[in-house]
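# Notes for the structure review
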Amino acid sequence: MTKLAVRINGHDHGPMDVRDDLTMNDFLREYLGFTGTKFGCGAAQCLSCAVIIDQADGTSHTSPTCVVPAVNFDGKAIRTVEGHARDGALSPLQTSFVEHFAFQCGYCTPGFLNEGQVLLERLERSKVARADLERVITEALDGHLCRCTGYVKYHQAVRAVILADPTRYLDPADATGDAG
Ligand code: FES
Ligand code: FES
């Protein structure tokens, strides 16, 4: 057993004793009831289980949870799909997913949502040229598998959020071009 304390969606959990072989996915779903984080392949291949890890320097990235021990998250701050909405209102990215019918069964959606959110926040810190946007979105979402093949819709949904607020996400010197 090892002590685990982790901040999830702005709330502290623990410290508590957990088994060393408990995965983060089981910890979130079975211990805390955060069932929005899915379990797909169980082999770090599909990223349906991905959560956001927030770093002290203000950057963030995603991590699978299916093969990672919960104790590896000790002291970290993470966000799950349950942390996107505010006071019952969907985030702009969630709304765009709905408007673009970006999911079918929805099993992969939390992972795509977390990855898209990480991309939006990265672009706020470091804007990109419009000409590079399609590649940047493709690269960001690469690695997330959707068995319902909703890749184009996910891409379009992320792009729509960015193009709706170009001064926030795009380099103003290059923020021209096809609105897609
Ligand atoms: S369930 Fe974790 S990567 Fe597929
Ligand atoms: S919407 Fe079904 S797996 Fe992606």
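Conventions adopted
Counting starts from 1 at the beginning of each chain's written sequence and moves along it residue by residue. To label them, take the chains in the order written and letter them from A, then take the ligands in the order written and number them from 1. Residue-level local features of this predicted model are given only where pLDDT is at least 70; pairs of side-chain atoms are given and counted only at 80 or more, and the full residue set underlies all totals for whole chains, interfaces and linings. A run of H or I in DSSP counts as a helix once it spans at least four residues, and a run of E counts as a strand once it spans at least two, with each numbered from the N terminus. For the exposure call, what matters is how many other C-beta atoms sit within 10 Å of a residue's own: 20 or more marks it buried, 12 or fewer exposed, and in between partly exposed, using C-beta atoms placed from the backbone. Working definition: the arc comes from the directions between the helix axis and the C-beta atoms, pointing outward to the latter. Two residues qualify as being in contact provided that their C-beta atoms, derived from the backbone, are within 7 Å of each other. Here the rule is simple: two strands pair whenever DSSP picks up at least two bridges between them. Simply put, an axis is a line fit to the C-alpha atoms, just over the touching stretch for a helix, and the angle between two N-to-C directions goes from 0 to 180 degrees. Note: domain ranges come from an automatic or database domain assignment. Ten residue types, Ala, Val, Leu, Ile, Met, Phe, Trp, Tyr, Cys and Pro, are classed as nonpolar, four, Asp, Glu, Lys and Arg, as charged, and the remainder, Gly among them, as polar.

Looking up the protein in an unreviewed UniProt entry gives the name Aerobic-type carbon monoxide dehydrogenase small subunit (CoxS/CutS family), with the organism given as Kaistia hirudinis.

A few words now on unusual backbone geometry. Residue Pro15 is reached from Gly14 by a cis peptide bond, and omega for that bond is 5 degrees. You can see Pro15 is positioned in strand S2 (residues 11–18). In this structure, Asp87 is a non-glycine residue whose phi angle is positive, near 50 degrees. The exposure class assigned to Asp87 is exposed, which follows from the 4 C-beta atoms found within 10 Å.

Before going further, it helps to spend a moment on helix H2 (residues 92–99). Among all positions in H2, only Leu93, Gln94, Ser96 and Phe97 are buried. Take H2 and look down its axis: the buried residues cluster within an arc of 160 degrees, on one side only. Among the exposed residues of H2, those oriented more than 90 degrees off its buried face are Val98 and Glu99. Here the buried face of H2 lies against helix H3 (109–125) and helix H5 (151–164). Backbone geometry just downstream of H2 places Phe101 in the positive-phi region, at approximately 50 degrees.

Sheet strands associate in pairs through backbone hydrogen bonding, adopting either a parallel or an antiparallel arrangement. Spatially, 5 strands are ordered S2-S1-S5-S3-S4 in an open sheet, and the strand pairing comes out mixed. Either end of the sheet is taken by a strand with one partner, and the two such strands are S2 and strand S4 (60–63). The mean angle between the axes of side-by-side strands here comes to 35 degrees, regardless of whether they run parallel or antiparallel. Taken together, the 6 bridges between strand S1 (residues 2–8) and S2 define a ladder with antiparallel strand orientation. Looking at the pairing, Lys3 lines up with Asp17 of S2. Sitting on the sheet, H3 touches strand S3 (51–54) and S4, and the angle it makes with S4 is about 165 degrees.

With that settled, consider the pairing of S4. The pairing of S3 with S4 spans 4 bridges and is classified as antiparallel. Bridge pairing in S4 places Ile52 opposite Thr62. The loop that links S3 with its antiparallel partner S4 comprises 5 residues; one of these, Gly58, has a positive phi angle of about 95 degrees.

We note that the domain assignment places domain 1 (2–81) and domain 2 (92–169) within the protein. The centre of domain 1, based on its C-alpha atoms, is set 22 Å off from the matching centre of domain 2. Counting from both sides, the interface comprises 15 residues of domain 1 and, opposite them, 13 residues of domain 2. No other element matches the 3 residues that S4 contributes to the side of domain 1 that touches domain 2. Residue composition of the side of domain 1 that touches domain 2, grouped by class: 7 nonpolar, 7 polar and 1 charged.

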